[in-house]
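Results of the structural survey
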Amino acid sequence: MRRPFVAGNWKMHGTRAENADLLEAVLEGLPAQPTAEIAVCPPFVYLWEAGRLLKQSSVALGAQSVCAEPIGAFTGEVSGAMLKDVGCRYVIVGHSERRAHYKEDDALVARKFLAAQSHGLIPILCVGETLDERERGATTQVVSRQLGAVLDLAGVQAMQKAVLAYEPVWAIGTGKNASPAQAQEVHVHIRSVVAAREGANDGKIAGALRILYGGSVKAGNASEIFSMPDVDGGLIGGASLKADEFLKICAAAQVH
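A few points on the structure. These numbers come from a predicted model, not from an experiment.

Here's the deal with the overall build of the chain
The helix and strand tally for the chain stands at 11 helices and eight strands. Whereas a compact globule of 256 residues would reach a radius of gyration of roughly 18 Å, the chain reaches 17 Å, a difference of no more than 12%. Each of the three principal axes of the chain carries a C-alpha extent, and together these read 45 × 45 × 35 Å. Residues classed as buried in the chain amount to 53% of the 256 residues present. The contacts in the chain between residues at least 6 apart in sequence include a share of 73% that link residues at least 24 apart. Put simply, the chain shows about 11800 Å² of open surface, and 54% of that area lies on carbon and sulfur atoms. Across the chain, the mean location of the 25 positive side-chain charges is 3 Å away from that of the 27 negative side-chain charges.

Describing the pattern of salt bridges
This model, assessed by the stated rule, comprises 16 salt bridges. Here R98 and E104 are joined by a salt bridge, their closest N and O atoms 3.0 Å apart. In this structure R98 comes out as partly exposed when scored by relative accessible area, which is 24%. The exposure class of E104 is buried, given its relative accessible area of 5%. Here D232 makes a salt bridge to R191, at a shortest N to O gap of 2.8 Å. Of this pair, D232 sits in the loop between α10 (219-226) and β8 (233-236) while R191 sits in helix α8 (residues 180-198), and the two are 41 residues apart along the sequence. Linked by salt bridges that have partners in common, R2, R191, D230 and D232 make up one network.

Structural notes on the nonpolar core
Of all hydrophobic cores here, the largest spans 66 residues; its most connected members are M159 and F226. The greatest single-element share of this core, amounting to seven residues, is contributed by helix α11 (residues 243-254). Residues in contact with M159, not counting those within four places in the same chain, are F113, L147, V150, L151, L164, V194, I205 and L209. Among the nonpolar cores identified, the runner-up in size contains 14 residues, and A7, C41, A60 and L235 belong to it.

Looking at a negative patch on the surface
A cluster of acidic residues, E18, D21, E24 and E28, forms a negative patch on the protein surface. Residue classification places E18 among the partly exposed residues on the basis of a relative accessible area of 48%.

Thoughts on α11
Side chains that are three or four residues apart share a direction in an α-helix, a result of its 3.6 residues per turn. Taking 1.5 Å per residue as the helical rise, α11 with its 12 residues ought to reach 16 Å, and the 16 Å between its terminal C-alpha atoms agrees with that figure. Considered for burial, the residues of α11 that qualify are A243, F246, L247, I249, C250, A252, A253 and Q254. In the core, the buried residues of α11 are packed alongside β1 (5-9), α1 (16-29), β2 (37-41), α10 and β8.

Looking at the packing of aromatic side chains
Tallied over the entire structure, the rule returns two aromatic pairs. With centroids separated by 4.8 Å and ring planes inclined at 35°, the aromatic side chains of F5 and Y90 adopt a geometry described as tilted. On the criterion of sequence distance, the pair formed by F5 in strand β1 and Y90 in strand β4 (residues 90-93) is long-range, its members being 85 residues apart. Accessibility expressed as a relative area gives 0% for F5, which makes it buried. Judged by relative accessible area, which is 0%, Y90 ranks as buried. Measuring from ring centre to ring centre gives 6.2 Å for Y166 and Y213, while their planes differ by 55°; the resulting arrangement is tilted. Separated by 47 residues along the polypeptide, Y166 in strand β6 (residues 163-166) and Y213 in strand β7 (residues 210-213) bring together distant segments of the chain. Of the two residues examined, Y166 and Y213, each falls in the buried class. Here the guanidinium or amino end of R98 rests over the ring plane of Y102, the centre of that ring lying 4.3 Å away.

Some thoughts on helix α2 (residues 47-54)
Those residues of α2 that sit buried are L47, A50, G51 and L54. Axial view of α2: buried residues confined to an arc of 100°, hence all on one face. Against α1, β2, β3 (59-63) and α3 (80-85) lie the buried residues of α2. One or two residues past the end of α2 sits Q56, with phi positive at roughly 65°.

Cut-offs applied
Each chain has its residues counted from 1, running along the sequence as written. Only residues with pLDDT of at least 70 get local features here, since the model is predicted, and only at 80 or more are side-chain atom pairs given and counted; chain-wide, interface and lining totals rely on the full set of residues. In computing side-chain values, all of the structure's heavy atoms are included and hydrogens and water are not. Labels follow the DSSP assignment, with helices taken as runs of H or I lasting at least four residues and strands as runs of E lasting at least two, numbered in each case from the N terminus. In this description the radius of gyration comes from C-alpha coordinates, and the expected globular size is given by 2.2 Å times residues to the power 0.38. Think of it in three bands: with a 1.4 Å probe and only protein chains considered, a residue is buried below 20% of the maximum accessible area for its type, exposed above 50%, and partly exposed in between. The contact criterion used throughout is that any non-hydrogen atoms of two residues lie within 4.5 Å. The Shrake-Rupley method, run with a 1.4 Å probe sphere, supplies the accessible areas, and residue values consider only the shown protein chains as cover. A positive count includes Lys and Arg, and a negative count includes Asp and Glu. His and the chain ends are not counted in either. Here the site of a charge means atom NZ of a Lys, CZ of an Arg, CG of an Asp or CD of a Glu. A pairing counts as a salt bridge when a side-chain nitrogen of Lys or Arg comes within 4 Å of a carboxyl oxygen of Asp or Glu. The definition of a nonpolar core used throughout is a set of buried Ala, Val, Leu, Ile, Met, Phe, Trp, Tyr and Cys residues joined through side-chain atoms within 4.5 Å. Patch construction takes residues with relative accessible area above 30% that form no salt bridge. Like charges are linked within 9 Å, and nonpolar side chains (Val, Leu, Ile, Met, Phe, Trp, Tyr) are linked within 5 Å. Between the first and last residue of a helix there are one fewer steps than residues, each counted as 1.5 Å, and that sum is the expected span. Only Phe, Tyr and Trp rings are paired, with Trp represented by its six-membered ring, and only when their centres lie within 6.5 Å; those with planes under 30 degrees apart are stacked, over 60 edge-to-face, the remainder tilted. Charge over a ring is defined by NZ of Lys or CZ of Arg lying within 6 Å of the ring centre and within 35 degrees of the ring normal. Taking the helix axis as origin, the arc is that swept by the directions to the C-beta atoms.

This is the structure:
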């Protein structure tokens, strides 16, 4: 059984006061021992304080990116060791906004994935297609290429200590989302790509891999999306900034 997982990506939002109020409300609203795993990914400058507020809670701390280099003269970057040092368990790599706005290509994303794991962090690897790519029928080709770059560098065994997130770029922050059937179709494809690399493992790594859906998940559609057999939870953007919305999404994940 794959444990459901809901991760909130706060992106570039929040203040110290807002974050404290949000986390207080989330922690108050969650069950003492949630069946789904929950994580939040604040901006870098708030990680330490968020970690302090989450201490001894069931909610894990994650970061939104990581440098591919371990140490050195890389102004403005944050290493995996630093993230681990402030209490992070997870880190998002390859988010579509990093790929689009900061020109992170497949090779760099793969290096970031490896850097995260080398410091004991669990990468949440994001893959997904643009609207143009979907309309051209290139969804599986794009996802295979993005995932393949990581598998080529890190090997299929690395997927045992990773989480995947399928995020159709056309559904992020647009209010649109892939239908449950569309999400399921791509999640099945992701498992097939991993399984094809396993050889003698007989698909065990692919079968155990948690694959989240990310793209305008809200309280109103979470239950339907999470009900798909290969959707193991969500990578949540804007809705993770509203405690009541985020709690409803977490509750939807608890029952699957």
